[in-house]
Amino acid sequence: MHDTQAYKHISSLAVEDNGLLGQRAWPEAAHAYRSPFARDCGRILHARAFRRLAGKTQVFTRSQTESDHSRSRLTHTLEVAQIARTMAEVLGLNARLAESLALVHDIGHPPFGHAGERALDGALQAHGLRFDHNLHALRIVSSFEERYAAFPGLNLTLGVREGIVKHSRDYRAEEYPELGEFLLDQLPPVEAQLIDLADEIAYLTADTEDGLEAGILELGAVRDGVPLFAARYAKAERAFPAASQRLLRNEALKQMLNVLVTDLMEEIRSQVSELGIDSLDAVRRAPRRIAVLSAGMEAEREVAKQFLYANLYQSETLEAEHRRAAEIVQTLFDAWVADPDQLPADHRARVGSQGAARAVADYIAGMTDGYIEQAWSRFHLA
Ligand code: MG
């Protein structure tokens, strides 16, 4: 049953293809039949850093799972893109901008998932620097990708670059003068605001499935600990009394995803009417972000997330891998900062302008899990 009224468009808030946000640092002629954001989707999809997501950890760092179909950061990214595109289309927003932002949202992630990111950030702090995967993503698309003769990087639209920086957090203009072009005193468009929750909805449901498949989570514990899941599981049991536990679990996860996405879209629409928002400009100047879950669903989301932290992300099985990942990142970082001549030529060339610590961090951040494992093996043989 489709209730089209319930999904009335909020297209007056959409980012326009031919506005300021569709412009590029190096002006390019319009394409015959692709919008600026459709072109950005293509540029991101064809980037080297995008392909490397296939070799990067989402949750499971190595072989601690018997499952052969856990998500990689690439398949996670595609799931986020599917969710973000759906929401943007249903709401009448700029779906290609939302899709571009979803495709690029994890491109700045180092190997070994969040353990790798924490280790790299910690290593840089000893040199007075930080690692931030959003800012790293901006550097990848602005300079590290080399595909075009006319300009460095991918020359993405202002809308996509702004969204890369601002989708998940606010940066204070005084602290980040280099981000001045991204209107730091204004909120991002809804297409960017919804990426963070599309990401969270994707991983809450997917990591629960992967955790169960890997045998780290137990179905009974998920049902006891995550009411959002338990309610959908009970409903599936009533509808399909003869179905296997695995099918009931899949039904429950699918419904959980659906409920979260639907709640988010409905809440965006109520925020829009509550705050009287009728334009992109009004979104930017609103007192708060409008891509949020309803209060009740936000509380359910938080419970589900805390459950995954306690039982999956910080489980002893994964923490052992996290400690190993941190040791590898820290040891290789220190060794290469002490002797930057060991870096490949293109990274060594940046030591002069960026300093050894940043150049080494950029090198490590670009690696897949497999590549850094090989470097680690060679380090021990040397
Ligand atoms: Mg993500």
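Residues numbered from 1 in each chain as written. Predicted model: local features only at pLDDT ≥ 70, side-chain atom pairs only at ≥ 80, totals over all residues. Heavy atoms only, no water.

A. How the structure looks around the overall build of the protein chain. Along the protein chain, the regular secondary structure elements total 18 helices and zero strands. Taking 21 Å as the expected radius of gyration for a compact globule of 382 residues, we find that the protein chain reaches 22 Å, a close match to that expectation. C-alpha atoms of the protein chain, sized along the principal axes, occupy 65 × 50 × 40 Å. Looking at the protein chain as a whole, 54% of its 382 residues qualify as buried. Surface summary for the protein chain: the accessible area is close to 17500 Å², and the carbon and sulfur share equals 51%. Computing the positive centroid from 42 side-chain charges and the negative centroid from 55, the protein chain places the two 3 Å apart. (Helix = DSSP H or I, 4+ residues; strand = E, 2+ residues; numbered from the N terminus. Rg over C-alpha atoms; globule rule 2.2 N^0.38 Å. Buried < 20%, exposed > 50% of the residue type's maximum accessible area, 1.4 Å probe, protein only. Areas by Shrake-Rupley, 256 points an atom, 1.4 Å probe, with all protein chains shown as cover. Lys, Arg positive; Asp, Glu negative; His and termini not counted. Charge placed at Lys NZ, Arg CZ, Asp CG, Glu CD.)

B. The arrangement of the coordination of the magnesium ion in detail. Looking at the magnesium ion, one finds its protein donor set to be His76 (NE2), His105 (NE2), Asp106 (OD) and Asp199 (OD), positioned 2.1 to 2.5 Å from the metal centre. One chain supplies every donor for the magnesium ion, spaced along it as H-x28-H-D-x92-D. With His105 in the loop between helix H4 (95–104) and helix H5 (113–125) and Asp199 in helix H8 (residues 190–213), this residue pair connects regions lying 94 residues apart in the sequence. Comparing His105 with Asp199 shows no difference in burial state: the two are buried. (Donors = N, O, S within 2.8 Å, 3.2 Å for Na, K, Ca; no water.)

C. Spotlight on the nonpolar core. The biggest cluster of nonpolar side chains holds 94 residues, and the ones touching the most others in it are Leu13, Leu93, Leu179, Phe229, Ile268 and Leu312. For this core, the element with the highest residue contribution is H8, accounting for 11 residues. The residues touching Leu13, leaving out its near neighbours within four places in the chain, are Leu93, Val190, Val272, Ile277, Asp278, Ser279, Leu280, Val283 and Ile290. Leu120, Leu343, Val351 and Ala361 belong to the second largest nonpolar core, which has 28 residues in total. (Core = buried A, V, L, I, M, F, W, Y, C linked by side-chain atoms within 4.5 Å. Contact = heavy atoms within 4.5 Å.)

D. Region of the structure containing the side chain of Arg161. By the element assignment, Arg161 lies in helix H7 (residues 158–166). Within the local environment of Arg161, its side chain forms a polar contact with the backbone oxygen of Leu156, the two atoms lying 3.1 Å apart. Setting aside residues up to four positions removed in sequence, Arg161 forms contacts with Ala25, Leu138, Ser142, Leu156, Glu181 and Phe182. (Polar contact = N/O pair within 3.5 Å; in protein donor to acceptor, adjacent residues only side chain to side chain.)

E. Expanded view of helix H3 (residues 73–91). Given a rise of 1.5 Å per residue, 19 residues ought to cover 27 Å, and the 27 Å separating the end C-alpha atoms of H3 matches this to within 8%. Looking only at H3, the buried set comprises Arg73, Leu74, His76, Thr77, Val80, Ala81, Ile83, Ala84, Met87, Ala88 and Leu91. Where the residues of H3 are buried, they touch helix H2 (48–52), H4, H5, H8 and helix H11 (245–275). Capping of H3 at its N-terminal end is provided by Ser72; its side-chain oxygen lies 3.1 Å from the backbone amide nitrogen of Leu74. Just beyond H3, the residue with positive phi is Gly92, at close to 75°. (Expected span 1.5 Å × (residues − 1).)

F. Structural view of helix H17 (residues 356–366). In terms of burial, H17 is a largely internal element, 11 of the 11 residues being buried. Every buried residue of H17 is accounted for by Ala356, Ala357, Arg358, Ala359, Val360, Ala361, Asp362, Tyr363, Ile364, Ala365 and Gly366.

G. How the structure looks around the packing of H5 against helix H14 (residues 316–338). Orientation of H5 relative to H14, taken along the N-to-C sense of each, is 35°, at an axis distance of 9 Å. By crossing handedness, the relation of H5 to H14 is classed as right-handed. Here Ala115, Gly116, Arg118, Ala119, Leu120, Ala123 and Leu124 of H5 lie close against H14, whose contacting residues are His322, Ala325, Ala326, Val329, Gln330 and Phe333. The residue inventory of the contact of H5 with H14, partitioned by class, reads nine nonpolar, three polar and one charged. (Axes fitted to C-alpha atoms, helices over the stretch in contact; angles between N-to-C directions. Left-handed = near helix turned anticlockwise from the far one by under 90°. Nonpolar A, V, L, I, M, F, W, Y, C, P; charged D, E, K, R; others polar.)

H. The arrangement of the packing of helix H1 (residues 36–45) against H4 in detail. Put simply, H1 and H4 touch, their axes get as near as 8 Å, and they point 20° apart. By the angle class used here, H1 and H4 are roughly parallel. The two elements H1 and H4 meet at a crossing, and its hand is left-handed. Across the interface between the two elements, Phe37, Ala38, Asp40, Cys41, Ile44 and Leu45 from H1 touch Arg96, Leu97, Glu99, Ser100, Leu103 and Val104 from H4. The residue makeup of the contact of H1 with H4, split by class, is eight nonpolar, one polar and three charged. (Parallel < 35°, antiparallel > 145°, perpendicular 65-115°, else oblique.)

I. The pattern of salt bridges, seen in detail. According to the stated counting rule, one finds 32 salt bridges in the structure shown. We note a salt bridge from Glu162 to Arg284, for which the minimum N-O separation is 2.8 Å. Linking Glu162 in helix H7 with Arg284 in helix H12 (residues 280–285), this pair joins segments that are 122 residues apart in sequence. Accessibility expressed as a relative area gives 7% for Arg284, which makes it buried. Connected through salt bridges with shared partners, the residues Arg71, Glu79, Glu209, Asp210, Glu213, Arg246 and Arg249 form a single ionic network. (Salt bridge = Lys/Arg side-chain N within 4 Å of Asp/Glu carboxyl O.)

J. Quick look at the packing of aromatic side chains. Counted under the stated rule, the structure contains seven aromatic pairs. Ring centres of Phe229 and Tyr233 lie 5.7 Å apart, and the angle between their planes is 35°; this geometry places the pair in the tilted category. Residue Phe229 and its partner Tyr233 are located together in helix H10 (residues 227–239), separated by four residues, close to a single helical turn. We note that Phe229, like Tyr233, is buried. A connected cluster of aromatic rings, assembled from ring pairs, spans Trp26, Tyr148 and Phe151. Here Arg43 stacks its cationic end above the ring of Tyr148, 5.2 Å away from the centre of that ring. Seen from the ring of Tyr171, Arg169 lies directly overhead, with NZ or CZ sitting 3.8 Å from the centre. (Phe/Tyr/Trp six-rings, centres within 6.5 Å; stacked < 30°, edge-to-face > 60°. Lys NZ or Arg CZ within 6 Å of the ring centre and 35° of its normal.)

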